[in-house]
Amino acid sequence: MASTAEIDAATGAVHLQRFTVAYEYPVHFTERVFDPGNALLAEVLALREPDRRHRCVAFVDDGVLEARPGLVDEIVGYARHHAARMELAAAPFRVPGGERIKSELFFIEQMQQRLLEHRIDRHSYVIAIGGGAVLDAVGLVAAVTHRGVRLIRVPTTVLAQDDSGVGVKNGVNLSGVKNFCGTFAPPFAVLNDIDLLTGLSQRDKIAGMAEAVKVALIRDGAFFAWLERNADHLITFERAVLAQMIRRCAELHMRQIAHGGDPFETGSARPLDYGHWSAHKLESLTKHHLRHGEAVAIGIALDARYSVLAGLLAPGQDDRICALLEHLGFRLWHPALEARRPDGSLAILEGLREFREHLGGELTVTLLEDVGSGIEVHAIDETRMLAAITWLKERAQTP
Ligand SMILES: NC(=O)c1ccc[n+]([C@@H]2O[C@H](COP(=O)([O-])OP(=O)(O)OC[C@H]3O[C@@H](n4cnc5c(N)ncnc54)[C@H](O)[C@@H]3O)[C@@H](O)[C@H]2O)c1
Ligand SMILES: [Zn+2]
């Protein structure tokens, strides 16, 4: 029997379809983005069709609104001031902030209903204003409505400004599995406004710094040393230092997406997800009592210790990494690290399987070979990981 290839060759039935789409989106760093005197948003809306009045629908994180109750009026006032270029199809909608919006599909459907009611088309804009969770959920809505409505992200947490908001992913959770349902969909633009961070809780301000430590560890040793030198200014949220941290962290994430060769993660590696296999599992094991950044800090510490035990990272560097995270205010232990499944196995180790399944292919975990340099491995020794967990526990118990 002839092989498929021979049949195809004989009949000429295969036509190779091939095209390339270039993506481009601006990430702005600005201040007082909804001050009528700041024309940035109006200019961004008019990038493609400068002479049109652009219809917009805004979804706003309720946590932001609690910290800044006047924000809806500010947005309405902004639109009125820039009426030549923008029109709000409806008053901004308040949506639940935090992981709740990602945990129930009801919210996705409700937001889509709003877009339907207000006749949002593919040339209109969805403006997402909120933390990483709201950006992920609204991003999914924008990506699948009419197969893609333009999305402008206005991130309002440190984490969303330095990491999630500048990237190309969205998603929500299903059946307790993080980001089970989502797409890769680059935004139209990102507007990072440092003033929006002022209302954040201490906890959320700190949480976002974990991603800066993470990306410094795998990509930029000098940035890690800068974080060490500036930790005192970071914990008091000194504006200029915080702004510099966010900018550098965002740049490193953007560089990976643009130049890492796999922006839509089709391979088996998740190069920016150092410390994340356990972090995602910890988030679900703690039913999201741990913030993403808090879980990432634990994951960073765990994999730093494992890297030393595996002979990849010089002894003592694990302590150095933990010391910075602790200085920033992270707790590097959670009892969920010891949770066991009914069969007696450690629940956290399930995170490895889930991490692999999310991408498919071979297990690929980034570890450290130096501060500033990640290295990919394809197997994790469970006994060694257990020893790393025990080390973290003992460290937390040492006064
Ligand atoms: N898409 C990606 O590439 C990517 C990357 C990293 C993380 N994430 C996701 O991001 C989410 C975490 O995001 P996060 O750390 O920004 O936290 P979050 O979105 O869960 O927000 C934390 C809390 O802060 C509140 N809040 C947000 N902005 C505020 C403000 N300015 N003032 C006061 N309160 C405010 C929210 O209402 C919420 O209660 C997780 O779901 C994570 O999976 C996505
Ligand atoms: Zn992360």
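(A) Just the packing of helix α13 (residues 276–285) against helix α16 (residues 350–359), in detail. Two elements in contact, α13 and α16, have axes whose closest approach is 8 Å; the angle formed by their N-to-C orientations is 110°. By the angle class used here, α13 and α16 are roughly perpendicular. Contact with α13, carried on its side by His276, Trp277 and Lys281, involves Glu350, Gly351, Leu352, Glu354 and Phe355 of α16 and no other residues of that element. Here the residues of the contact of α13 with α16 are counted per class, giving three nonpolar, two polar and three charged.

(B) Quick peek at the side chain of Asp204. Inspection of the secondary structure assignment puts Asp204 in helix α9 (residues 202–207). Asp204 gets classed as buried once you look at its relative accessible area, which sits at 17%. At 3.0 Å, the side chain of Asp204 and the side chain of Ser201 are in polar contact.

(C) Layout of the packing of aromatic side chains. Within the structure shown, the criterion is met by seven aromatic pairs. Here Phe106 and Phe107 contribute two aromatic rings whose centre-to-centre distance is 5.3 Å and whose plane-to-plane angle is 65°, an arrangement assigned as edge-to-face. Phe106 gets classed as partly exposed once you look at its relative accessible area, which sits at 47%. Among the residues examined, Phe107 registers a relative accessible area of 6% and is labelled buried. Among the aromatic side chains, those forming a connected cluster through ring pairs are Tyr23, Phe184 and Phe264. The positively charged end of Lys205 is found above the aromatic ring belonging to Phe237, 4.5 Å away from the centroid.

(D) Inspection of helix α6 (residues 105–117) at higher detail. Across its 13 residues, α6 extends 19 Å between first and last C-alpha, which sits within 8% of the 18 Å expected from 1.5 Å per residue. Residues of α6 that are buried: Phe107, Ile108, Met111 and Leu115. Buried residues of α6 fall within an arc of 105° about the axis and therefore sit on the same side. For α6, the exposed residues lying more than 90 degrees away from the buried face are Glu109 and Leu116. Downstream of α6 by a residue or two, Arg119 has a phi angle that is positive, lying close to 50°.

(E) Region of the structure containing the layout of surface pockets. Taken as a whole, the second largest pocket holds about 580 Å³ of empty space. Forming the walls of the second largest pocket are 22 residues, and the residues nearest its centre are Arg48, Arg150, Pro186, Pro187 and Phe188. Broken down by secondary-structure element, the contributors of at least two residues to the lining of the second largest pocket are α7 (132–144) and β6 (150–155). Class assignment for the residues of the lining of the second largest pocket results in 14 nonpolar, three polar and five charged.

(F) Quick peek at the site of ligand 1. Around ligand 1, the surrounding shell holds 25 residues, and the nearest of these are Asp61, Glu99, Gly132, Thr157 and Lys178. Contact between ligand 1 and Asp61: an oxygen atom at 2.6 Å from a side-chain N or O atom of the residue. Here an oxygen atom of ligand 1 sits 3.5 Å away from a polar atom, N or O, in the side chain of Asp204. Protein chains bury 89% of the 870 Å² of accessible surface belonging to ligand 1 in isolation. Elements represented by at least two residues in the shell around ligand 1 include exactly α3 (62–67) and α7. Considered class by class, the residues forming the shell around ligand 1 number six nonpolar, ten polar and nine charged.

(G) Representation of the environment of Trp277 in the model. Locating Trp277 in the fold gives a position in helix α13. The class of Trp277 is buried, set by a relative accessible area of 2%. What Trp277 contacts, discounting residues up to four positions off in sequence, is Leu302, Asp303, Ile348, Leu349, Gly351, Leu352, Phe355, Val365 and Met385. In terms of polar contacts, Trp277 uses its side chain to reach the side chain of Asp303, at 3.0 Å.

Procedures and definitions
Position labels on residues start from 1 in each chain and follow its written sequence. Each chain takes a letter, starting from A, and each ligand takes a number, starting from 1, following the order in which they are written. Note on the predicted model: pLDDT of at least 70 is required for a residue's local features to be given, and 80 or more for side-chain atom pairs to be given and counted; whole-chain, interface and lining totals, by contrast, use all residues. Think of the side-chain values as coming from all heavy atoms in the structure, minus any hydrogens and water. Only the stretch in contact is used when a helix axis is fitted, and all axes are lines through C-alpha atoms; the angle between N-to-C directions ranges over 0 to 180 degrees. In DSSP terms, a helix is any run of H or I states spanning at least four residues, a strand is any run of E spanning at least two, and both are numbered starting from the N terminus. Put simply, angles under 35 degrees are roughly parallel, angles over 145 are roughly antiparallel, angles from 65 to 115 are roughly perpendicular, and the rest are oblique. In this analysis, two residues are considered to be in contact whenever any of their non-hydrogen atoms come within 4.5 Å of each other. Nonpolar residues are Ala, Val, Leu, Ile, Met, Phe, Trp, Tyr, Cys and Pro. Charged residues are Asp, Glu, Lys and Arg, and all others, Gly as well, are polar. Under the scheme applied here, a residue whose accessible area is under 20% of the maximum for its type counts as buried, over 50% as exposed, and between as partly exposed, the area being computed with a 1.4 Å probe on protein chains only. Two N or O atoms count as a polar contact when they lie within 3.5 Å, although within protein this holds only if one can serve as hydrogen donor and the other as acceptor, and sequence-adjacent residues are included solely when both atoms are side-chain atoms. Only Phe, Tyr and Trp rings take part, Trp by its six-membered ring, and two of them pair if their centres are within 6.5 Å. Stacked means planes under 30 degrees apart, edge-to-face means over 60, and tilted covers everything else. Our definition puts a charge over a ring when NZ of Lys or CZ of Arg is within 6 Å of the ring centre and also within 35 degrees of the ring normal. A helix's residues, less one, multiplied by 1.5 Å, set its expected span. By arc we mean the arc of the directions from the helix axis to the C-beta atoms, nothing more. Detection works on a 1 Å grid of protein atoms alone, calling trapped sets that fit a 1.4 Å probe cavities and calling open sets with protein on both sides within 12 Å along at least five of seven lines pockets, with lining residues defined by an atom within 4 Å of a point. Grid points are joined across faces, edges and corners, and a volume is the space filled by probe spheres set on the points. Distances are taken per atom, and a residue is near a molecule or strand as soon as one of its heavy atoms is within 4 Å of it. Using a 1.4 Å probe, the Shrake-Rupley method yields the accessible areas, and only the shown protein chains count as cover for residues.

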